[in-house]
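What follows is each chain in one-letter form.
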Amino acid sequence: MYKNQQIAKNIYYAGVNDRQKTKFENLHPLPYGVSYNSYLIVDEKIALVETVDACFGDEFIDKIQSQIANRPIDYLIVNHMEPDHSGSIRQLRLHYPDVTIVGNAKTLSMIEGYYGMTNNVLEVKDGDTLSLGTHELQFHLTPMVHWPETMMTYDTTEKVLFSGDAFGCFGALNGAVLDTEMNLSPYWDEMIRYYANIVGKYGSPVQKALEKLSGIRIDTICSTHGPVWTKHIPEVVSIYDKLSRYEHLDEGVVIVYGSMYGNTERMAEATAQGLAQAGVKNIIVHNASKSDPSVILRDIFKYNGLIIGSPTYSNELYPEIDSLLKKIEIRGIKNRTFGYFGSFTWAGAAVKRLTAFAEQMKWETAPIVPEEKQGLKPEAYNKCIELGEKIASMLKKA
Ligand code: FEO
């Protein structure tokens, strides 16, 4: 029944869209859904690259059978074991009991751990090749992008890279699969949000993987999420390269604040005004209790300036700000121009905690630190404006 889209000669899309889950990993909202991409290489031997989330196993099997009718699948290539991709392996084995599962040593250990399978597996090492007839597959181990077993499979015949999660993004595929056949505008920010939240901690392994792939001619990138990249490969690789170096993609300042009763919020407003007066155009203001953390992190990866404000809460930071700082620390985000401010009612703790955070991150930090006791008064208000102006001047010099 299904007419699967052709990606390259004898390579077909067999993935599915998930428009049902509200949150990826039960954490990150999916306003545009997400796709779980899988690919069939139909040659003398048939290889399937990845499966899909277990919830979509039936649709997935139907798509495969629509393409290859009664032919068997010879190989299942597993580049990444996270269950959004490996979740239908058991179902695939029920329909194709003789399929050989291809992965590296870490993959095969996870196949046993997750699914109890040890038979009919083929372990590959870095650089190994596998011939399907006309197509030859070469395996490149790229560990910790973003799990230990992650690898990429390169079709040397058609110059297609099956990259696992790398170069992926949130957003279901709305009819078309190839980047040249769709409006890409919703995907770019979703790529940054995906990277910041899923891969963001692993900048160094991503850099190693990019270096490893740099000598290979790649005409098509088949990621496990989002569009198949052809014409836009340079932009996509550049985005992943910059993000994994913790380089900003755009000039601008993100202000994130927590506020219970609006007093710290007024400090954020004044700081934003200071930035605007000093000529900053991209000013993104997030109320940490309202904006989703995945979106806040996306913007922190995207822009070069960051200002954080927090009231003191139970002699600590405001909980949503505390949680955000942890996320930033875990990802080891580098090279941001930073400012902060805080408030308290009877004993100040927020500014002290933010000072310690700034020292730990080793970011260039503004020397102006507005702090207010109780309601916002002119002195602290003016200092917030000065903080915005100072950050703007620091960014101009950077
Ligand atoms: Fe899309 Fe790391 O799984």
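Our structure is the block above this text.
Remember, predicted model here, so these are calculated numbers, not experimental data.

Thresholds, definitions, all that
- Residues numbered from 1 in each chain as written.
- Predicted model: local features only at pLDDT ≥ 70, side-chain atom pairs only at ≥ 80, totals over all residues.
- Heavy atoms only, no water.
- Helix = DSSP H or I, 4+ residues; strand = E, 2+ residues; numbered from the N terminus.
- Expected span 1.5 Å × (residues − 1).
- Buried < 20%, exposed > 50% of the residue type's maximum accessible area, 1.4 Å probe, protein only.
- Arc of directions from axis to C-beta.
- Axes fitted to C-alpha atoms, helices over the stretch in contact; angles between N-to-C directions.
- Parallel < 35°, antiparallel > 145°, perpendicular 65-115°, else oblique.
- Contact = heavy atoms within 4.5 Å.
- Nonpolar A, V, L, I, M, F, W, Y, C, P; charged D, E, K, R; others polar.
- Salt bridge = Lys/Arg side-chain N within 4 Å of Asp/Glu carboxyl O.
- Core = buried A, V, L, I, M, F, W, Y, C linked by side-chain atoms within 4.5 Å.

## Some remarks on helix α7 (residues 233-244)
Logical step 1: With 12 residues, α7 extends 16 Å from end C-alpha to end C-alpha; this agrees with the ideal 16 Å at 1.5 Å per step.
Logical step 2: Among the residues making up α7, those that are buried are Ile233, Val236, Ile239, Tyr240, Leu243 and Ser244. Across the axial projection of α7, the buried residues extend over an arc of 135 degrees, all falling on one side.
Logical step 3: Positive phi shows up at tyrosine 246, right after α7, with a value of about 60 degrees.

## A word on the packing of helix α5 (residues 185-199) against helix α9 (residues 293-302)
Logical step 1: Axis separation between α5 and α9 bottoms out at 8 Å; the angle between their running directions is 100 degrees. Here α9 runs roughly perpendicular to α5, going by the angle between their axes. In this structure, α5 uses Asp189, Ile192, Arg193, Tyr195, Ala196 and Asn197 to contact α9, whose residues at the interface are Pro293, Ser294, Val295, Leu297, Arg298, Phe301 and Lys302.
Logical step 2: Class assignment of the residues belonging to the contact of α5 with α9 gives a composition of seven nonpolar, two polar and four charged.

## Regarding the pattern of salt bridges
Logical step 1: Tallied over the full model, the rule gives 13 salt bridges.
Logical step 2: The partner of lysine 21 in a salt bridge is aspartate 18, with the nearest N and O atoms 2.7 Å apart.
Logical step 3: Classification of aspartate 18 as buried rests on a relative accessible area of 1%.
Logical step 4: The closest approach of N and O atoms between aspartate 299 and arginine 298, which form a salt bridge, is 3.0 Å.

## Regarding helix α6 (residues 203-213)
Residues that lie three or four places apart on an α-helix share one face, since the helix turns once every 3.6 residues.
Logical step 1: Along α6, the residues that are buried comprise Gly203, Pro205, Val206, Gln207, Ala209, Leu210 and Leu213.
Logical step 2: Lining the buried residues of α6 we find β14 (151-155), β15 (160-164), α5 and α7.

## Re the nonpolar core
For soluble globular proteins, the rule of thumb is that nonpolar side chains tend to be buried together.
Logical step 1: With 114 residues, the main nonpolar core has Ile77, Leu92, Ile308 and Ile328 as its most contacted residues.
Logical step 2: A per-element tally of this core places α5 first, with eight residues.
Logical step 3: Each residue touching isoleucine 77, except ones within four places of it in the same chain, is listed here: Ala47, Leu48, Val49, Glu50, Val102, Leu130, Leu137, Phe139, Met151 and Thr153.
Logical step 4: Listed in part, the 21 residues of the second largest apolar core include Tyr257, Ala366, Ile368 and Cys384.

All quantities given are derived from atomic positions and should not be read as evidence of function.
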